[in-house]
Protein chains: 2
Amino acid sequence: MRISPLLTDLYELTMLAGYLEEGMADKQAVFDLYFRTNPFEGGYAIFAGLAPALDCLEQLRFTEEEIGYLASLHLFKPRFLEYLRTFRFCGTVVAPLEGSVVFANEPLLTVSGTLTEVQLVETVLLNSINFQTLVATKAARICSAAGDGEVIEFGLRRAQGPDGGLSASRAACIGGAKGTSNVLAGMDFGLPVRGTHAHSWVQSFPDELTAFRAYADAFPDSSVLLVDTYDTLTSGLPNAITVARELHARGHNLRGIRLDSGDLAYLSREARRMLDAAGFPEVRILASNELDEWVIESIRNEGGRVDIYGVGTKLATASGPGGVALGGVYKLVAIDGQPKMKRTSDLAKATLPGAKRVLRAVGPEGSYLQDLVCLEDDAVTGGTTVYDPTNPLRHTTLPPCRLVDLRQVVMERGQRLLAEEPIETMAERCRRDLALLPQGCRRFVNPHRYKVSISPQLKALRCRLIEAMNAGRRQA
Amino acid sequence: MRISPLLTDLYELTMLAGYLEEGMADKQAVFDLYFRTNPFEGGYAIFAGLAPALDCLEQLRFTEEEIGYLASLHLFKPRFLEYLRTFRFCGTVVAPLEGSVVFANEPLLTVSGTLTEVQLVETVLLNSINFQTLVATKAARICSAAGDGEVIEFGLRRAQGPDGGLSASRAACIGGAKGTSNVLAGMDFGLPVRGTHAHSWVQSFPDELTAFRAYADAFPDSSVLLVDTYDTLTSGLPNAITVARELHARGHNLRGIRLDSGDLAYLSREARRMLDAAGFPEVRILASNELDEWVIESIRNEGGRVDIYGVGTKLATASGPGGVALGGVYKLVAIDGQPKMKRTSDLAKATLPGAKRVLRAVGPEGSYLQDLVCLEDDAVTGGTTVYDPTNPLRHTTLPPCRLVDLRQVVMERGQRLLAEEPIETMAERCRRDLALLPQGCRRFVNPHRYKVSISPQLKALRCRLIEAMNAGRRQA
């Protein structure tokens, strides 16, 4: 699907016009995209949204209609509109692969090219990476709470707009959901699609048993019957068991029952007991109704017997403390080969200047020890002292380890280098990465803080730039 | 933009296939779309998202590619896929106009037609109405906090996907925002677009003053300068004032300055003082940085001097307590002319059966007194006793009033009756409606609860249906 290049903030376009006016359009610039706090007050994030972002960069073209609209704003000169006519993104992008575990304060995307091309794409990159990374992280947390239970994404009707739903389904499956109710996401991204039926199905028939029989007739091997329209234990489950028996007699199997209200821990235990007693231990129990990682954890802690969790609103909108939006930012770190940094009154929020690498220190067993942000030509090994970027008083010695680049060049001079990956490959990467993390990082409450340090050379460069800025201000 | 009919939950399609199988596809059915709690723990909601929803209904067609995908799922019979080939939405939709003030527990959309057509559109209607109503309501709250200050929507980069951004910009302007940074939303919906520049602009120049001069050269009458890249009061504002003087000498005017960090109440007071002292009382102050209705209220309570609020994340994602998602539901209320209701163990959540009208009781001055849900042929007047739908022990007597239909037929047998309205007309309706509400409804904390009652006839129908269901269960 084409995304218009006008899906951007107006200021990107006014800045472009200004750079062109000043003769600065072709200066070489480098931007980093990163976030400052792990979402959901958690210990990690799952990187997602890269492929759709690269699609946007590849397809970036202004149509005549779009240029005509910009002309109608009476803000831009004809020369700038002419410039946009042939505008293409020909920059280079370095990024982790989708499904990778990433952390606050390390560059995720680094985008380099002309000042205009790397500035223009800010909004669309942030839009894609911020939202999908947030949802993939939420999905990973929910799947971790669900243990051996399956998680299915059911959020389209409460998602933030049509694409809020589509992107959410994609990202949820990267983070570990096994399928989605969203049929278009199934088609567009090759995701498994799943579903049950609505209360309205039951109400459209004279009674519940007739409704269940009709649904099982239509889908004799894939029916999941919603049992709470009238009363779960005295009506829904007995009727579902009757239908399971009838299906069985005809050589078919009821796939499952769905609980959508009430005390899910209690009802799932009772449902399991009734189904087992009736001879249907293979009929699965699906639960839904405002689920998230906390509710699922509590259902399991109480011995609930849910096999499949249908998670809607709170997954598709990534809600919960520290959720809803990932505060990703996109900051200039070099121009014309000169490292740049932004410092505000809060030094801890100062950016990390220069073009950089992100290395992951991997222990002898393959486990992840810590991440390290360093300059491109830094030589770092075990034994090096490395520093907390937000507080240089905190430092640590890098243990003996293998240092692996977290990122790779995924687009070079506008050409995509990354082959299309199936979502399942990204989901597998996510599972593997999470298993290699220190266990405490996956905890929901007060998670272990995985270290992201900076190299001595990067720290020194930052200090030099801060001193130079202070000196400049003393002179001014 | 075409929205695929596959942007739906799988169960809508399996139910359709089941209805076709059972010979029930052409039964006449009526569904109500409504929500059960006002968003943001507030006293009202602003209805939005109708026009995009009607677009979807009008354009509903299955392409060969989409039908091919459904065939590949091995769930559906050829007869059903054939049926989808010529499937159109030919139903009737009753709804309020966008920008109207609406409340929990009153039907917003009522959709009638064949069981299949009204069932299939459930997901896409909920997706559009839920999200846009939520954002329009958030915008109305934020604008109410801003008083005479202007609100501009700046949320695209943190929005939930590309369309999360587009829909949010549209709905924000219905709720009262005066513009958006989202250029595509400007083009698609005719909204005013606005912007400033980024920190990267300032960093791309040798110093801040050079950067400000360059921007003002490019946009001599529309520059809003971001003054917090180095230090707001000692660097940004003095440099902005220098540029304001230089522009003035050349017959131009600096439009404004933008504060994006720090203590916005304090900094805006200081900025106003410095700008006024320099002879620039007309230069406007724009503030941004994680604003919402509460932060804006606090800035104004402390005497802040902000003229324009740039509100991003919390507006575009409609976050805050009771936000993020509106829990709109879509429930069957009649089939084959017979009223239907869903009752679960919680009787207060039982639906309101039958095809209904929503009347607004309007006082002599035009002010809104309460809303009333009644059956289509009910005769209701002042003096009638009306009932709380969630608790019949609460009842009240309708005062002398004019009863006005809240809704109108906006689509009849698939034909749209509603002419396209500019967003500004909807925004004007929102302003007018809010002014006619009891004042306490607009309060953020413990708002006045505007009454939505049901008529005696509707209450009687509901009691009859509950009794019939209880009798049925006793027999079973």
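Residues numbered from 1 in each chain as written. Chains lettered and ligands numbered in written order. Predicted model: local features only at pLDDT ≥ 70, side-chain atom pairs only at ≥ 80, totals over all residues. Heavy atoms only, no water.

Where an unreviewed UniProt entry is consulted, chain A appears under the name Nicotinate phosphoribosyltransferase, with the organism given as Desulfobulbus propionicus. Under the Catalytic activity (unreviewed entry) heading, UniProt states for chain A: "5-phospho-alpha-D-ribose 1-diphosphate + nicotinate + ATP + H2O = nicotinate beta-D-ribonucleotide + ADP + phosphate + diphosphate". Check the Sequence similarities (unreviewed entry) section of the UniProt entry for chain A; it says "Belongs to the NAPRTase family." (UniProt positions renumbered as here; feature names shortened; annotations may be inferred.)

### Things to note about helix H3 (residues 64-72) of chain A
Every buried residue of H3 of chain A is listed here: Glu-66, Ile-67, Tyr-69 and Leu-70 of chain A. Looking straight down H3 of chain A, one finds its buried side chains confined to an arc of 155°; they lie on one side. Facing away from the buried side of H3 of chain A by over 90 degrees, the exposed positions are Glu-64 and Glu-65 of chain A. Next to the buried residues of H3 of chain A lie helix H1 (10-21) and helix H4 (78-85) of chain A together with helix H8 (183-189) of chain B. (Buried < 20%, exposed > 50% of the residue type's maximum accessible area, 1.4 Å probe, protein only. Helix = DSSP H or I, 4+ residues; strand = E, 2+ residues; numbered from the N terminus. Arc of directions from axis to C-beta. Contact = heavy atoms within 4.5 Å.)

### Comments concerning the packing of helix H3 (residues 64-72) of chain B against helix H4 (residues 78-85) of chain B
Residues and elements named next belong to chain B. In contact at an axis separation of 10 Å, H3 and H4 are set at 160° when each is read in the N-to-C sense. Comparing their axes, H4 and H3 come out roughly antiparallel. The interaxial crossing formed by H3 with H4 has right-handed handedness. Contacts from Glu-64, Ile-67, Leu-70 and Ala-71 in H3 reach Leu-81, Leu-84 and Arg-85 in H4. Taken together, the residues that form the contact of H3 with H4 break down as 5 nonpolar, no polar and 2 charged. (Axes fitted to C-alpha atoms, helices over the stretch in contact; angles between N-to-C directions. Parallel < 35°, antiparallel > 145°, perpendicular 65-115°, else oblique. Left-handed = near helix turned anticlockwise from the far one by under 90°. Nonpolar A, V, L, I, M, F, W, Y, C, P; charged D, E, K, R; others polar.)

### Thoughts on the UniProt feature "domain: Nicotinate phosphoribosyltransferase C-terminal" (unreviewed entry) in chain A
The positions UniProt marks with the feature "domain: Nicotinate phosphoribosyltransferase C-terminal" (unreviewed entry) are residues 356-461 of chain A. In residues 356-461 of chain A, the share of helix is 19% and the share of strand is 38%. The end C-alpha atoms are 12 Å apart.

### Structural notes on the UniProt feature "domain: Nicotinate phosphoribosyltransferase N-terminal" (unreviewed entry) in chain A
The UniProt entry lists residues 6-130 of chain A under the feature "domain: Nicotinate phosphoribosyltransferase N-terminal" (unreviewed entry), expressed in the numbering used here. End C-alpha to end C-alpha, residues 6-130 of chain A measures 19 Å, and it is 43% helix and 17% strand.

### Overview of the relation of the copies chain A and chain B
When chain A is fitted onto chain B, the two copies agree to an RMSD of 0.0 Å after a turn of 180° and an axial shift of 0.0 Å. The operation mapping one copy onto its partner corresponds to a two-fold rotation axis. Here 100% of the interface residues in chain A have copies in chain B that are interface residues too; the copies meet face to matching face. (Least-squares fit on C-alpha atoms with pLDDT ≥ 70 in both.)

### Examining the domain arrangement of chain A
All names here are of chain A. Here the domain parsing of chain A yields domain 1 (10-137 + 328-472) and domain 2 (141-317). With 22 residues of domain 1 at the interface, the matching set in domain 2 holds 20 residues. A buried area of about 1,700 Å², summed over both sides, lies between domain 1 and domain 2, and 65% of it is on carbon and sulfur atoms. Among the residues of domain 1 in contact with domain 2, Val-135, Ile-423 and Phe-444 are the three that bury the most area, contributing 41% of the side total. (Domains from an automatic or database assignment. Buried area = accessible area lost by both parts, 1.4 Å probe.)

### Some points on the environment of Arg-250 of chain B
Residue and element names in this part refer to chain B. Within the secondary structure, Arg-250 is located in the loop between helix H11 (232-249) and strand S9 (256-259). Accessibility expressed as a relative area gives 45% for Arg-250, which makes it partly exposed. C-alpha separation for the pair Arg-250 and Asp-405, spaced 155 residues apart in sequence, amounts to 57 Å.

### Observations concerning the pairing of strand S10 (residues 284-288) of chain B
Residue and element names in this part refer to chain B. The buried count for S10 comes to 4 of 5 residues, which makes it a mostly enclosed element. In this structure, S9 lies alongside S10, joined through 4 bridges in parallel fashion. Note on S10: the bridge partner recorded for Arg-258 is Leu-286. Taking the sense of rotation as the criterion, the β-α-β connection linking S9, helix H12 (residues 264-277) and S10 turns out right-handed. By the bridge criterion, 3 bridges tie S10 to strand S11 (residues 308-311) in an arrangement that is parallel. In the sheet register, Ala-287 faces S11, and the bridge partner there is Tyr-309. (Pairing = 2+ DSSP bridges. Right-handed = clockwise from strand over helix to strand, strands pointing away.)

### Concerning the packing of aromatic side chains
Remark: the centre distance and the inter-plane angle together describe each pair of aromatic rings, the angle taken between the planes. Summed over the entire model, instances satisfying the criterion amount to 26 aromatic pairs over all chains. For the pair Phe-219 of chain A and Phe-76 of chain B, a centre-to-centre distance of 6.4 Å together with 85° between the ring planes defines the contact as edge-to-face. Taken together, the residues Phe-219 of chain A in the loop between helix H10 (208-218) and strand S8 (224-226) and Phe-76 of chain B in the loop between H3 and H4 connect one chain to another. By relative accessible area, which is 4% here, Phe-219 of chain A ends up buried. Residue classification places Phe-76 of chain B among the buried positions, given a relative accessible area of 9%. (Phe/Tyr/Trp six-rings, centres within 6.5 Å; stacked < 30°, edge-to-face > 60°.)

### Regarding the interface of chain A and chain B
Between chain A and chain B, the residue contacts involve 96 residues of the former and 96 residues of the latter. On the chain A side of the contact with chain B, Arg-157, Gln-160 and Gln-203 of chain A bury the most area, a combined 11% of that side's loss. Where chain A packs against chain B, one counts 6 salt bridges. With a closest N to O distance of 3.5 Å, Arg-157 of chain A and Glu-12 of chain B form a salt bridge. Here the side of chain A that touches chain B takes 10 residues from H1 of chain A, the largest share from any one element. The residue inventory of the side of chain A that touches chain B, partitioned by class, reads 45 nonpolar, 31 polar and 20 charged. (Salt bridge = Lys/Arg side-chain N within 4 Å of Asp/Glu carboxyl O.)

### Regarding the nonpolar core
Counting residues in each nonpolar core, the largest one holds 307 residues, and the members touching the most others are Ile-257 of chain A together with Ile-257 of chain B. When residues of this core are sorted by domain, at least three fall in each of domain 1 (10-137 + 328-472) and domain 2 (141-317) of chain A. Leave out the neighbours within four places in its chain, and Ile-257 of chain A touches Val-224, Leu-225, Val-227, Leu-237, Ala-240, Ala-271, Leu-275, Val-283, Arg-284, Ile-285 and Leu-286 of chain A. (Core = buried A, V, L, I, M, F, W, Y, C linked by side-chain atoms within 4.5 Å.)

### A look at helix H13 (residues 293-301) of chain A
All names here are of chain A. Restricting attention to buried positions, one finds in H13 the residues Glu-293, Ile-296 and Ile-299. Viewed end-on, H13 has its buried residues packed into an arc of 125°, placing them on one side of the element. Packed against the buried residues of H13 are helix H6 (122-146), helix H12 (264-277) and strand S11 (308-311). At the N-terminal boundary of H13, the capping side chain belongs to Asp-292, with an oxygen 3.0 Å from the backbone nitrogen of Trp-294. Following H13 by one or two positions, Gly-303 has its phi on the positive side, about 80°. (Polar contact = N/O pair within 3.5 Å; in protein donor to acceptor, adjacent residues only side chain to side chain.)

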